[in-house]
Amino acid sequence: TSLNGLVASPVIPGLNGRHPLDERGVGEILLGELRCAACHADEHSRGLHRPGAPDLASVGQRVSPEYMRRFLANPSSIHPGVKMPDVLSGQSKAMRSEVAEALSHFMVSLTVKSFAGWKPGIGDAMAGRSLFHEIGCVACHSPRDEEGREAVGGSLLSLAHVPAKYGHESLAEFLFNPHRTRPSSRMPDFHLSQDESRNLAEYLIGGQPAPARPFKVNAGLVDKGRAYFREFNCVACHSITGQPVGRQSIPLAMLKPGRGCLSSKPHGVPDYNLSDIQRKAIAHALAKRKKVIAPEETIALSLTAFNCIACHKRDDYGGPSKEFLPYLKTSEEGLGDQARVPPELTLAGAKLKPGWMHKVLFDGEVARPYMHTRMPEFGEANLGFLPALLASVDKVEPAVFPQPGRKERGSIRSAGHKLVGDKGLNCTICHNFNGK
């Protein structure tokens, strides 16, 4: 059984909000987020960045071997909503246990440094609780009550598995730099300090020790695990030095609804535990694929895949839900919602210069320091195309300002100063102006 008694279908947070996609678009998102093209060649040029699988080079140092073994035996039963498929579908319980055990030994053998285990007290759990609920984590992950229980609902990613998976130090290290092990995943970098990373890890794990057994790498099981890693085509998603590339199955264009991975009961193929709605959407996308996606649709797909729409509204889609709104905080309450609700992205490409958008997206530039919610960074490799694409799509009629004469310039400048000051529009109540 899973940690919350459910075996959930893959959770893509952006698809549970006010997204702009039709059924084909939802299927397109699922094809990308589930990395179907890792096994099935995709002849179409998508123009979208697909997520990659985590780097396993240091997994034995980051993840509890006991958790790894149970997770590999049946991923969605241990981590409901995970996008990792059950590659052992159709295998007996005994075979699942054997393969998972061998794979665990193989992956732990890739790391020189062993898993550190539990070390409570590295951070401040109360400070971590505030961070978790204020900087934006709850845009994708379930918020928690005073006792640490997650809110009921399957539209967000549960973190109930975290205490069994990580040690305090390994989780803090991951949170400090998530792109080191997951360079192309949907987990963003919130630019946490080391102290903030430790505080958040302390809160998410807590102080109760997780059950664990001593783990010593067995050379014979390492060899068996290496063979299973190839046999079950783990190499299709996870690249490991010395391992061959993964096997390709039939192209995406040849997939049949209700067959293989798209079956209601997959057998002998990766089982993603898809819901009926998800299978139908994927089938719709496969039947009506486009060779080239229009720029506006590329924007809509990208904002949904990265769940930007949880915070930002664009046109008639996206924006904070009523459940998320209470977690948007500010240090300047007198400024109202503009100080706590992230800005709209409607016509963002016309309002903002691409260079500025690049700074905000990838360089940690902050224009609203009073807003507690932080702008997540997904990395230039993932969204580097977005500023130029927004600039190419978003257009407004240019405003023509007649050049004032020499005598008029002084009065116009004086009028401008008056407008921004306390005798005009009072812009300086909210904005710094000329250092004041």
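A few points on the structure. Keep in mind it's a predicted model, so treat the numbers as computed, not measured.

Next up on the list: the overall build of the protein chain. Per the secondary structure count, the protein chain includes 17 helices and 2 strands. In terms of overall dimensions, the protein chain is globule-like: its C-alpha atoms have a radius of gyration of 25 Å, near the 22 Å expected for 436 residues. Dimensions along the principal axes, computed over C-alpha positions, put the protein chain at roughly 90 × 55 × 40 Å. In the protein chain, which comprises 436 residues, the proportion classed as buried is 43%. Taking as baseline every contact in the protein chain between residues at least 6 positions apart, the subset at least 24 positions apart corresponds to 71%. With the model as given, the accessible surface of the protein chain reaches about 23,200 Å², and the carbon-plus-sulfur share is 55%. Charge-centre separation for the protein chain: the mean point of 54 positive side chains lies 3 Å from the mean point of 44 negative side chains.

Once that is clear, we can look at unusual backbone geometry. Residue N233 is not a glycine yet carries a positive backbone phi of 60 degrees. Summarising the element assignment, N233 is placed in the loop between α10 (219-231) and α11 (276-287). The buried category is assigned to N233, whose relative accessible area is 14%. Positive phi, close to 55 degrees, is recorded for D315, a residue that is not glycine. Within the element layout of this structure, D315 appears in the loop between β1 (313-314) and β2 (317-318). When its relative accessible area of 39% is taken as the criterion, D315 is described as partly exposed.

As for its position among the elements, R182 is in the loop between α8 (168-176) and α9 (194-205). Once the C-alpha coordinates of R182 and D55 are considered, the two residues, 127 residues apart in sequence, prove to be 6.3 Å apart. Sequence-distant contacts of R182, defined by excluding residues within four places in its chain, comprise P54, K165, Y166 and F174.

Reading guide: rules and limits
Residues numbered from 1 in each chain as written. Predicted model: local features only at pLDDT ≥ 70, side-chain atom pairs only at ≥ 80, totals over all residues. Heavy atoms only, no water. Helix = DSSP H or I, 4+ residues; strand = E, 2+ residues; numbered from the N terminus. Rg over C-alpha atoms; globule rule 2.2 N^0.38 Å. Buried < 20%, exposed > 50% of the residue type's maximum accessible area, 1.4 Å probe, protein only. Contact = heavy atoms within 4.5 Å. Areas by Shrake-Rupley, 256 points an atom, 1.4 Å probe, with all protein chains shown as cover. Lys, Arg positive; Asp, Glu negative; His and termini not counted. Charge placed at Lys NZ, Arg CZ, Asp CG, Glu CD.

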